[in-house]
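Overview (structure and organization)
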Amino acid sequence: MSKSNFEQYYKDIILPNKHRMNYLCLSNAFTVDIIFSPPRLISKFLQLEALVLDNIDTRYLNNILHHLIILPQLHSLTNNLIDFIQNSTLFYLQLFRVPKLKYCKIQFESNDDQQLLPRCTDEFSSIEYLVIKNCFRFQSLNNFLSYLPRLEACRVHSTVMSNHQKKLEKLNRGPIGQNYEEMKLKLIHNISSYTLSKVEERLLCRGWDFCVENKITNFLDFETDLELNAMKLQPHCHESIFRSICRQIHNASQQLIRTSKHKKISNLSKEELAALKSLKSNNNIIICKADKGNSIVILDKETYMKKAEEILKGKQFEPLNNDKFHREQEEKLNKYIFSLFKQGVIDNKLRYQLQSTCSSLSVFYGLPKAHKTGYPIRPIISTIGSYQYELSKYLAKAIRNARPQAKSYIKDSFEFVKRIKEITLEKEKTYIMCSFDVESLYTNVPVEEAIEVTLNYIYKPTKLVDVPFDKEQMKTLLDLSIRDSTFRFQNKIYKQIDGVAMGNPLAPIIADLWMQKIEEKLNRFSTNKPMIWLRYVDDIFCIFTIPKAKINEFHIRINKWHRNLHFTVEFEDENSIPFLDVRVTHTEDKLITSMYRKPTHTGLYLLWDSNQSRRYKLGLIKTLVIRIYRLCSTREIINNELDLLRKTLTNNGYPPHIIKR
């Protein structure tokens, strides 16, 4: 039930019958807020005998207990809280003051370092039946019972869970699950006015890619593990006993497989599922992934809207009154694709692949930069489902496969390290390493110029690209794919006048080729030229043999290459500098490479308890190990990184025996 519906229900049904009601169940934060907030006091429910509070936030607890004291007929209370109680001693003291209470069932979590409950001297509770589901300190049992002289039955469930946890940790030979207490400071950036509960924090700490629910359809891994573990028993028992054990294991496992087949399995608790629904229904906040790293940022919706609207006021964007321009562009694209088909340039299969049907507008959104002051957002325009998306994908693949590669081009970190290993330094020379970065490359790429550069690369002197189009046809298709793209933000529609949108499949390759053309001006330098110039899109690694003052002059010169380009520079610190995810350190005659983690690195990977296939998790470990061996240049660095990886995987809930494998 929504808040507005409940308010109407409260007004029409609950209030007129408040003197007759003897049972009330509340299972949502806003229902508690309405019932317990003045002037709608719970004290008006004079005949209320039983109250159930399910999935309630502890923020409402003090107010609830304060009003329960004045209910004359209340004798049954069930209280299920979704997060931690900061002071369980105060909670019990308030609970014991409810005058007619006989049955009480409470479930919550509390910190283990709570003070012991003091011994009762003058206040006694009327509770006769008590059920407690939380971490209960048995050192305070005598003092606890001193408040309950009428108690006939008491159940405490805390030891069962703690013993179960200890058994699991012993079997696992290590801690169970994600170590979110250590990781949460980097994983969650809450800059909104909303205060997250402990359960909501725990939920968000699992990360953006955590898989909540899955169906088990393939039990091969499960059966293989059973067989391997059963084989370990064979040397320790008689053959007849071993056969009997195997038969029982087989029967039990087959029964489990039959009951679990196609069954949905959730790895979230009831409290976390309630928190997920609560966060989803909160329209006052925006929860989004950070621009870099795996962290999550929570902003007030109003703040997010202002940041986005400030970007959309830029000269690259133009607001539109309706989607008429979008429909015209889609029709223009389809007509041109059809004309190519009629001319015999493309076949029917390619025609249906490239033409647009039932397209939607591209969507604008922003990713907050958690590593920068004020959390500015990076604009992204998702073109999935738009009229030019399939065409952009097709052209991007064709150009990527045919593009000429400059000497400075590096594909990824592995190629960068390979190129670094080929460099030999002379002991008698002084070397200075630095890196250049282009500010906001994508939004500053001049589209018309970039398209012309791309065409010149793939059609001159001969045609390199494997497409059936000539140069003019290719130019028209690139124009339709990139220029004047429309998108929506909330209920408003915009057109991008210049620059390429991050989110368009063509954006990286077009921007990279344009940068490749720009950096050809480096050949004109006769002095102050870098010894090494390696570029990954808009990030450039350089080594100079000239003084720092001359490098600053070089920086000024390259900033004049184009009016849309602005380079920033970062110099080495203590003979070391980061580039991509590699740290380069130079000694007297060689360069040493090691792993580099940006300040935004959270240490969060695919969690072991995430509902993805096990082979992906084992593949992740293998990938991370290979990455260490390929990026690190010395055995000492490799060993240190492997130790750090073991700790990181443990924090992500990976069992020790899996890590050691």
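As a starting point, this report considers the structure included with it. Given the structure is predicted, the values throughout are model-derived calculations rather than measurements.

Some remarks on the state of the cysteines
Scanning the entire structure with this criterion turns up zero disulfides. Looking at Cys211, it has no disulfide partner, and the nearest cysteine sulfur is the one in Cys205, 18 Å off. Cys542 takes part in no disulfide bond, and the closest cysteine sulfur, belonging to Cys434, lies 5.0 Å away.

Side note on the sheet that holds strand β15 (residues 432-438)
The strand order β18-β19-β15-β20 describes an open sheet built from four strands, whose pairing is antiparallel. The open sheet terminates on both sides in strands that have one partner only, identified here as β18 (532-536) and β20 (567-571). Neighbour-to-neighbour, the strand axes of the sheet open up by a mean angle of 20°, direction not taken into account. Sheet topology places β15 next to strand β19 (residues 539-544); six bridges connect them, and they run antiparallel. Across the sheet, residue Ser435 finds its bridge partner in β19, namely Phe541. Helix α21 (residues 548-558) rests against β15, β18, β19 and β20 of the sheet, and its axis sits at about 160° to β20.

Focus on the pattern of salt bridges
All told, the structure shown has 19 salt bridges when counted by the stated rule. Between Lys335 and Glu331 there is a salt bridge, with the nearest N and O atoms lying 3.4 Å from each other. Of the two residues, Lys335 and Glu331 are both situated in helix α13 (residues 324-342); the distance of four residues between them amounts to about one turn of the helix. One salt bridge in this structure joins Arg627 and Asp581, with 2.8 Å as the shortest N-O distance. Here the residue Arg627 occupies a position in helix α22 (residues 614-631), and Asp581 occupies one in the loop between β21 (576-579) and β22 (582-586), the gap between them amounting to 46 residues. Counted as one network, the salt bridges with shared partners bring together Arg403, Asp512, Glu519 and Arg535.

Some thoughts on the side chain of Arg206
Relative to the helices and strands, Arg206 is located in the loop between α8 (198-204) and β8 (213-215). Owing to a relative accessible area of 8%, Arg206 belongs among the buried residues under this scheme. In this structure the side chain of Arg206 is engaged in a polar contact, spanning 3.1 Å, whose partner is the side chain of Glu272. Within the structure, Arg206 has its side chain in polar contact with the side chain of Asp609 (distance 3.2 Å). Excluding residues that lie within four positions of it along the chain, Arg206 makes contacts with Gln178, Asn267, Leu268, Glu272, Leu604, Leu607 and Asp609.

Here's the deal with a negative patch on the surface
Judged by side-chain charge, Glu448, Glu449, Glu452, Asp470 and Glu472 come together as a negatively charged surface patch. Within the secondary structure, Asp470 is located in the loop between α18 (447-459) and α19 (471-482).

Structural notes on the packing of aromatic side chains
Scanning the model with the defined rule gives 23 aromatic pairs in all. Where Tyr304 meets Phe489, the ring centres are 6.4 Å apart and the plane angle is 50°; that geometry is what we call tilted. Remark: Phe489 occurs in strand β16 (residues 486-489) and Tyr304 occurs in helix α12 (residues 301-312); sequence separation between them is 185 residues. The same class applies to Tyr304 and to Phe489, which are both buried. Ring geometry for Phe416 against Phe541: centres 5.2 Å apart, planes inclined by 80°, an arrangement best described as edge-to-face.

Things to note about the environment of Tyr389
Turning to its location among the elements, Tyr389 is positioned in helix α15 (residues 389-402). Apart from the residues lying within four places of it in its own chain, the contact partners of Tyr389 are Thr383, Ile384 and Pro505.

A look at the environment of Trp608
Looking at the secondary structure, you find Trp608 in the loop between β23 (591-595) and α22. In this structure, Trp608 is in contact with Arg614, Lys617, Asn652, Gly653, Tyr654, Pro655 and Ile658, ignoring residues within four places of it in sequence.

Quick word on the nonpolar core
In this structure, Leu441, Phe469 and Met474 are the most contacted members of the largest nonpolar core, which totals 62 residues. Setting aside residues no more than four positions away along its own chain, Phe469 makes contact with Leu340, Val345, Ile346, Leu354, Tyr394, Leu395, Tyr459, Lys463, Met474 and Leu477. Listed in part, the 38 residues of the second largest apolar core include Leu53, Ile85, Phe144 and Tyr147.

Description of the sheet that holds β23
If you walk across this open sheet you meet the three strands as β21-β22-β23, and the pairing is antiparallel. Of all strands in the sheet, those bounded by a partner on one side alone are β21 and β23. With strand direction ignored, the average angle separating the axes of adjacent strands in the sheet is 25°. By the bridge criterion, four bridges tie β21 to β22 in an arrangement that is antiparallel. Within β22, the residue paired with Ile577 across the bridge is Val584. Together, β21, β22 and β23 form the strand contacts of helix α16 (residues 413-421), whose direction differs from that of β22 by roughly 10°.

Looking at unusual backbone geometry
In most cases, non-glycine residues show a negative phi, while peptide bonds are predominantly trans. Not every positive phi belongs to a glycine, and Tyr375 is a case in point at roughly 50°. With respect to the helices, strands and loops of the structure, Tyr375 is situated in the loop between β13 (362-368) and β14 (377-382). Despite not being glycine, Ser440 has its phi angle at roughly 45°, a positive value. For Ser440, the location among the structural elements is in the loop between β15 and α17 (441-444). Taking relative accessible area as the criterion, Ser440 reaches 49% and is therefore assigned partly exposed.

Conventions used here
Residues numbered from 1 in each chain as written. Predicted model: local features only at pLDDT ≥ 70, side-chain atom pairs only at ≥ 80, totals over all residues. Heavy atoms only, no water. Disulfide = S-S within 2.5 Å. Pairing = 2+ DSSP bridges. Helix = DSSP H or I, 4+ residues; strand = E, 2+ residues; numbered from the N terminus. Axes fitted to C-alpha atoms, helices over the stretch in contact; angles between N-to-C directions. Contact = heavy atoms within 4.5 Å. Salt bridge = Lys/Arg side-chain N within 4 Å of Asp/Glu carboxyl O. Buried < 20%, exposed > 50% of the residue type's maximum accessible area, 1.4 Å probe, protein only. Polar contact = N/O pair within 3.5 Å; in protein donor to acceptor, adjacent residues only side chain to side chain. Patch = residues over 30% accessible without salt bridge, like charges linked within 9 Å, V, L, I, M, F, W, Y side chains within 5 Å. Areas by Shrake-Rupley, 256 points an atom, 1.4 Å probe, with all protein chains shown as cover. Lys, Arg positive; Asp, Glu negative; His and termini not counted. Charge placed at Lys NZ, Arg CZ, Asp CG, Glu CD. Phe/Tyr/Trp six-rings, centres within 6.5 Å; stacked < 30°, edge-to-face > 60°. Core = buried A, V, L, I, M, F, W, Y, C linked by side-chain atoms within 4.5 Å.

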